[in-house]
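# Structural characterization, general
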Amino acid sequence: MRRYFGSALTISALLLTMGASAATKHYRLSWDSDASSSAVIGFSPDGSSNNPYLNYGYSTDESNWNSAYVSNSESFDGGITSHFVRLQDLNADSPVYFRICDQDGCGDRFWFRTAPAHNSPFVVVAGGDTRTGHTTRRQGNELLAKIRPLAVMHGGDFTNANSASEMREFLDDWELTYSSDNIDGYSYKRIYPLIPTHGNHEDDDYSTICQVFGVDFNGDGDCTPSDTYGAVQVSPLLRVYTLNSQFQNSGWSSYATAMNNWLESDLSASGSAASWRFAQYHKPLFPHYTGKSDNPTLFSWWAQPFYDYAMNLVVESDTHLTKLTEAVIPSGSNFSTTTSGGTVYVGEGSWGAPARSANDAKSWTIDMASIQQFKVIQVSAEELVVRTAEFNDTASTLSREDRTADPLVLPSNVNWWSANRIGEAMTLIRNNADRSVISEDGSGSNNFILPVTDDVFISSRYSSSNFDGDSGGLLADGSDSTFGTLYSLIKFDLSDLTACSSINTATLELNVTNRSGNTYGVYLAANDWQEESVTWNSVGGSSVRDDLAESFVPFYTGVERIDLTSSGLIESWINSGNTGLVIAPRSGSNGVDFTSKETGTSAKLTVEADCTTIAGPLPKAVKTDDFTLLWRNEIKVPVKLIEEPAEFNQGQGIATHLQAALPDHGGRTYQAAKHQTQIGTAQGEAG
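Basis of the calculations
Residues numbered from 1 in each chain as written. Predicted model: local features only at pLDDT ≥ 70, side-chain atom pairs only at ≥ 80, totals over all residues. Heavy atoms only, no water. Axes fitted to C-alpha atoms, helices over the stretch in contact; angles between N-to-C directions. Helix = DSSP H or I, 4+ residues; strand = E, 2+ residues; numbered from the N terminus. Contact = heavy atoms within 4.5 Å. Nonpolar A, V, L, I, M, F, W, Y, C, P; charged D, E, K, R; others polar. Salt bridge = Lys/Arg side-chain N within 4 Å of Asp/Glu carboxyl O. Buried < 20%, exposed > 50% of the residue type's maximum accessible area, 1.4 Å probe, protein only. Patch = residues over 30% accessible without salt bridge, like charges linked within 9 Å, V, L, I, M, F, W, Y side chains within 5 Å. Areas by Shrake-Rupley, 256 points an atom, 1.4 Å probe, with all protein chains shown as cover. Pairing = 2+ DSSP bridges. pLDDT = per-residue confidence, 0-100. Arc of directions from axis to C-beta. Phe/Tyr/Trp six-rings, centres within 6.5 Å; stacked < 30°, edge-to-face > 60°. Lys NZ or Arg CZ within 6 Å of the ring centre and 35° of its normal. Polar contact = N/O pair within 3.5 Å; in protein donor to acceptor, adjacent residues only side chain to side chain. Disulfide = S-S within 2.5 Å. Core = buried A, V, L, I, M, F, W, Y, C linked by side-chain atoms within 4.5 Å.

## Re the packing of helix 2 (residues 134–147) against helix 3 (residues 164–174)
Running from N to C, helix 2 and helix 3 cross one another at 35 degrees; their axes reach a closest spacing of 9 Å. Residues His-134, Arg-137, Arg-138, Asn-141 and Leu-144 of helix 2 form the contact with helix 3, whose own contacting residues are Glu-169, Phe-170, Asp-173 and Trp-174. When grouped by side-chain class, the residues that make up the contact of helix 2 with helix 3 number 3 nonpolar, 2 polar and 4 charged.

## Structural notes on the pattern of salt bridges
Inspection of the entire model under this criterion finds 26 salt bridges. Here Asp-181 ties to Arg-148 by a salt bridge, and the two come within 2.4 Å at their closest N and O atoms. With Asp-181 in strand 14 (residues 179–183) and Arg-148 in the loop between helix 2 and strand 13 (151–154), the pair connects residues that are 33 residues apart, well separated along the chain. Residue class for Asp-181 comes out buried when judged on its relative accessible area of 9%. Across the pair Asp-318 and Lys-292 runs a salt bridge whose closest N-O atoms are separated by 3.2 Å. Residue Asp-318 is found in the loop between strand 20 (313–315) and strand 21 (322–325), and its partner Lys-292 is found in the loop between strand 19 (276–280) and helix 6 (296–308); the two are separated by 26 residues along the sequence. Beyond isolated ion pairs, a larger network of salt bridges with shared partners links Asp-367, Glu-390, Glu-509, Arg-561 and Lys-604.

## A word on a nonpolar patch on the surface
Where nonpolar side chains cluster on the molecular surface, the patch consists of Val-553, Phe-555 and Tyr-556 and spans about 320 Å² of accessible area. By secondary structure assignment, the location of Val-553 is in the loop between strand 37 (545–552) and strand 38 (558–563). For Val-553, a relative accessible area of 36% gives the class partly exposed.

## Description of unusual backbone geometry
Glu-348 follows Gly-347 through a cis peptide bond whose omega is 0 degrees. For Glu-348, the location among the structural elements is in the loop between strand 24 (344–347) and strand 25 (365–369). Backbone geometry places Asp-157, a non-glycine residue, at a positive phi of 60 degrees. Secondary-structure assignment places Asp-157 in the loop between strand 13 and helix 3.

## Quick word on the side chain of Ser-163
When you line up the elements, Ser-163 lands in the loop between strand 13 and helix 3. On the basis of relative accessibility, which here comes to 16%, the residue Ser-163 falls in the buried class.

## A few points about the pairing of strand 22 (residues 328–331)
Looking along a regular strand, one sees the side chains alternate between the two faces of the sheet. Strand direction decides the pairing type here: strand 22 and strand 23 (residues 334–337), joined by 4 bridges, are antiparallel. Along strand 23, the bridge assignment pairs Ile-329 with Ser-336.

## Remarks on the confidence of the model for the protein
Confidence along the protein averages 86 in pLDDT terms, with 85% of residues attaining 70 or more. Under a pLDDT of 50 for its full length, residues 1–18 has, in the predicted model, 44 contacts with residues more than four places off or in other chains.

## Digging into the sheet that holds strand 24
A sheet is described by the order of its strands in space; here 7 strands give the open sequence 17-18-19-20-24-21-25, paired in mixed fashion. Edge strands, defined here as strands with exactly one partner in the open sheet, are strand 17 (230–235) and strand 25. Between one strand and the next, the sheet's axes are offset by a mean angle of 15 degrees, whatever the strand orientation. Relative to strand 18 (residues 238–242), strand 17 runs antiparallel, the two being bridged by 5 bridges. Looking at the pairing, Gln-233 lines up with Arg-239 of strand 18.

## Things to note about helix 8 (residues 569–576)
All of the buried residues in helix 8 are Leu-569, Ile-570 and Trp-573. For helix 8, the angular spread of buried residues about the axis comes to 100 degrees, placing them on one side. Set apart from the buried face of helix 8 by more than 90 degrees, the exposed residues are Asn-575 and Ser-576. Backbone geometry just after helix 8 places Gly-577 at a positive phi near 120 degrees.

## Quick look at the packing of aromatic side chains
Inspection of every chain in the model, using the stated rule, returns 40 aromatic pairs. When the centroid spacing of 5.9 Å and the interplanar angle of 55 degrees are considered together, the rings of Tyr-241 and Trp-262 count as tilted. Taken as a pair, Tyr-241 in strand 18 and Trp-262 in helix 5 (residues 253–270) lie far apart in primary sequence, 21 residues in all. Residue Tyr-241 is classed as buried on the basis of its relative accessible area, which comes to 0%. Between Phe-247 and Tyr-255, the ring centres sit 5.5 Å apart and the planes meet at 25 degrees, which makes this aromatic pair stacked. Exposure remark for Phe-247: the relative accessible area of 1% places this residue in the buried category. Tyr-255 sits in the partly exposed class, given a relative accessible area of 27%. Here a set of aromatic residues connected by ring pairs shows up, and it is made of Phe-158, Phe-170, Trp-174, Phe-213, Trp-351, Phe-374 and Phe-391. Taking the ring centre of Trp-276 as reference, the NZ or CZ of Arg-430 above it sits at 4.4 Å. The ring centre of Phe-555 lies 5.2 Å from the NZ or CZ of Arg-515, which sits over that ring.

## Structural notes on the side chain of Thr-208
Mapped onto the elements of the fold, Thr-208 is located in helix 4 (residues 208–213). Only 3.0 Å separates the side chain of Thr-208 from the side chain of Asn-162, close enough to count as a polar contact. Non-local contacts of Thr-208, meaning those with residues more than four positions away in its chain, are made with Phe-76, Asn-162, Met-167, Glu-202 and Phe-213.

## So, the state of the cysteines
This model, assessed by the stated rule, comprises 2 disulfides. Shown here is the disulfide that connects Cys-101 with Cys-106, its sulfur atoms set 2.0 Å apart. Handedness of the Cys-101-Cys-106 disulfide follows from its S-S torsion of about 100 degrees: it is right-handed. Accessibility classification places Cys-101 together with Cys-106 in one group, the buried group. Covalently, Cys-210 is tied to Cys-223 through a disulfide, its sulfur atoms 2.0 Å apart. Handedness of the Cys-210-Cys-223 disulfide follows from its S-S torsion of about -75 degrees: it is left-handed.

## Digging into the environment of Ala-256
Mapped onto the fold, Ala-256 is located in helix 5. Sequence separation of Ala-256 and Ser-245 is 11 residues, and the distance between their C-alpha atoms is 8.8 Å. Here Ala-256 is in contact with Phe-247 and Trp-301, once residues within four sequence places are set aside.

## Details of the nonpolar core
Counting 85 residues, the largest nonpolar core has Trp-31, Phe-278 and Phe-374 as the members making the most contacts within it. Dropping the residues within four chain positions of it, Phe-278 is found in contact with Met-153, Leu-238, Arg-239, Val-240, Tyr-241, Met-311, Leu-313, Ile-377, Val-379 and Leu-384. The next biggest cluster of nonpolar side chains, apart from the first, holds 33 residues, and it includes Leu-450, Val-452, Ile-490 and Ala-609.

## Thoughts on the environment of Gly-219
Within the fold, Gly-219 resides in the loop between helix 4 and strand 17. Its relative accessible area of 57% is what places Gly-219 among the exposed residues. Between the alpha carbons of Gly-219 and Ser-33 there is a distance of 9.0 Å; along the sequence they are 186 residues apart.

Have a look at this one:
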């Protein structure tokens, strides 16, 4: 590491008036220690740049600025030279304006904000895997500029080959994260601090994030593998731990031991210095894609100290998909779900890199999807709100004034992913031990994500065969060489809508794994069916298609959203019977595949509805009038209303218990069904 030292000095007015521009480019900013008082600014020569330095100040009046000299210069892959200026003793929660200067003059005007030294809220973006899919990567970068976060956590795999040429492309694209501002009549670009992570595609050089971003976590002035882990104190609200999952590889055991000893020591000594604790590293402990192996070594390293020291949120990468988990605690060699406080894991990368199939759900997974995304996290003293932003160009752009007026505001029209049960936003609060609890108080929300109860495909060529749970998932095709004509049948649990008077919006989500350029229809199913027994013949073949609700072309893999609001489909189910829907080809013979609930992310129906809630005490015993008549012959019975001649055995389940406990009322005796949904209610069916 070549180092240059110099004291700060006041610049002369003569220098400020020079019209020439510095021969520098690829400006970037990183945090590796106290984000309220320090920052590392990096840049590269663009031609001949001699003795570059930085001018900076706390206003746009450059006559009052100071100068700071390059503290170290690094060479990456023999092809990228980077100069770094380390600023110390900065004012907290303040704009810092700067320009890079050299013998030819000063370059473009930039600014960033230091982190607050108090409990002011802020927004953080977290993602990883920008190594390929450059068009999508650029979309993510542009979205970041619209969001204007305080900082960015990157989970590694910046490029594919970790080469100078690819890193130059990454740095070119990183310029799309700059936000443009006009401040006091001057054109400025806001630049966002990066907290980088070492990924497996950086494995040919464990000094990459030091050489490219200037990160010096251990503060020794040298670029070594020890700079791949450390902590950033963002503010009294947040401490971010960056770890190196690649130390599990052969030959790195001494570094792994040092890292893990440091982690426990720092968590013990400094973890409680922040209200919230985040961790980021590259390889997930339990990837949600079958093509990736679990990482039991990482689990043995980190799961227990994360629980012991109340790590609130962990952001993982590498697998190229998204996931949300329950709050979990280590249990043997795996996790178990807890409602009393644990750690929530999110991820897994895909900030550009093509999404892989989300097909390996765990018992503690809330939801997952094959999409390209990053996380947008609102951090406040009382709660964390975690959202997943998919990449497109629909979002509005926040202005500098918008962000100043509200540190938590987010742009409108962001393409937020909606997770099963959670919706667009997961809210975390802390228990008395500072561990994370998922807040699901309901708070009068009338937004529902209806889960799948049944899904299956049927085949004209195998017209008497049932394909429930088939490893191929769900299939639709006009003329498949093996199966002939293929339809997929899907049915949703409608129990959340029993007290709803009108449907305002309804959106179907399908996780496409094999795309098609042909047109497909979403139809009302003409008659009832069950996934474990339905065949082409049992539903009348092509006559199972009733009214056409909507058409779509599944041209891309990943989540396909279909607006069913105006179709009347849900109203039909409620009024005439829940027969589910049919996905069937309208043209062509190029088939489409979706994941089923057995093979990955199941279909979802997201509904906004006007609903009412009946308040008041529950009666002590079941009477005929206590039953709520639903669509068709179904009834809903509050479990608390059941007379108790039969003691409830949790192991036998609600269905068996209700068969024994419920008397016959008007011919409606309870029948055990394959799918039971809510603990607080049970469904009956006419005998």
